[in-house]
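So the chains spell out like this:
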Amino acid sequence: MTQGIYRVEYNRKLAPDVWELRLSGDTEAVTAPGQFLNIKLEGFYLRRPISICDWDGEGVTVLYKVVGRGTAALSDAEPGQDLDILCGLGNGFDVSKCGSRTLVIGGGAGVPPMYGLAKALLRAGKTPIAILGFNKKEEIFYEERFRALGIETVITTMDGSYGTKGFVTDAFPAEYDYFCACGPQPMLKAVYHTSKTSGLLSFEERMGCGFGACMGCSCKTKYGNKRICKDGPVLEKEEIIW
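Residues numbered from 1 in each chain as written. Predicted model: local features only at pLDDT ≥ 70, side-chain atom pairs only at ≥ 80, totals over all residues. Heavy atoms only, no water.

With respect to the helices, strands and loops of the structure, Thr153 is situated in strand 9 (residues 153-157). Measuring from C-alpha to C-alpha, the distance between Thr153 and Leu103 comes to 10.0 Å, with 50 residues separating the pair along the chain. Non-local contacts of Thr153, meaning those with residues more than four positions away in its chain, are made with Ala130, Leu132, Phe146 and Arg147. A polar side-chain atom of Thr153 sits 3.2 Å from the main-chain carbonyl oxygen of Ile151. (Helix = DSSP H or I, 4+ residues; strand = E, 2+ residues; numbered from the N terminus. Contact = heavy atoms within 4.5 Å. Polar contact = N/O pair within 3.5 Å; in protein donor to acceptor, adjacent residues only side chain to side chain.)

Take a look at the structure:
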């Protein structure tokens, strides 16, 4: 984990309430897809945790959904503005555990970290299959970015207005050897029960500090209590207690 000042390069709207934010700054602490940032916003006591979508040697890209006053304030950030950020938090996805044909499953706000994961899997010589779930066509984002990677990309919508109608689990292929998922807990639970292989699940949780000091985001696992911000947000399928 590093703390530093990051500069806003751009902050643009992609879909209803969904924004893409590019930040220039130190990315040395980002070592795995699925890690997150904790952003300090003026006038707010707690930082806002946001998953890292993509990164390089110059900075990071995050996608976030405006769901409250904090993220609404973040959507007002302008190019050239400096933000105090804790970077490289959480454990992220362990690409070495993934199979040669891994499902990369994202639901809504859980889609962004799966883009960085798909790129990491390709670099490792593996073949990811992306399954991205949304409520309706108007809410879809980053489909073209996943397809541009040259991987199979399946979109599901709850109302059937685009792609496969239903849940992400309705789009599971017949053959795959591992899965990684990020999204709301009902989706993760459905993936857990539908999947026929081992896998990794990234959990969303309200966080106080974001680096394991306050114990506010602890959850029970088969191996004892774990902190989503520090020991997670990625947990193995076999350790999860529903």
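Strand order in the open sheet made by the seven strands is 10-9-8-7-11-12-15, with mixed pairing throughout. Two strands close off the open sheet at either side, each with one partner strand: strand 10 (164-165) and strand 15 (234-236). When strand 8 (residues 129-134) meets strand 9, the two strands line up parallel, connected through five bridges. Following the sheet pairing, Phe134 is matched in strand 9 by Thr157. Each of strand 7 (102-107) and strand 11 (178-182) touches helix 2 (residues 112-123); the most contacted strand, strand 7, lies at about 165° to it. Against the sheet, helix 4 (residues 185-194) contacts strand 7, strand 11 and strand 12 (199-202), and its axis sits at roughly 170° relative to strand 11. (Pairing = 2+ DSSP bridges. Axes fitted to C-alpha atoms, helices over the stretch in contact; angles between N-to-C directions.)

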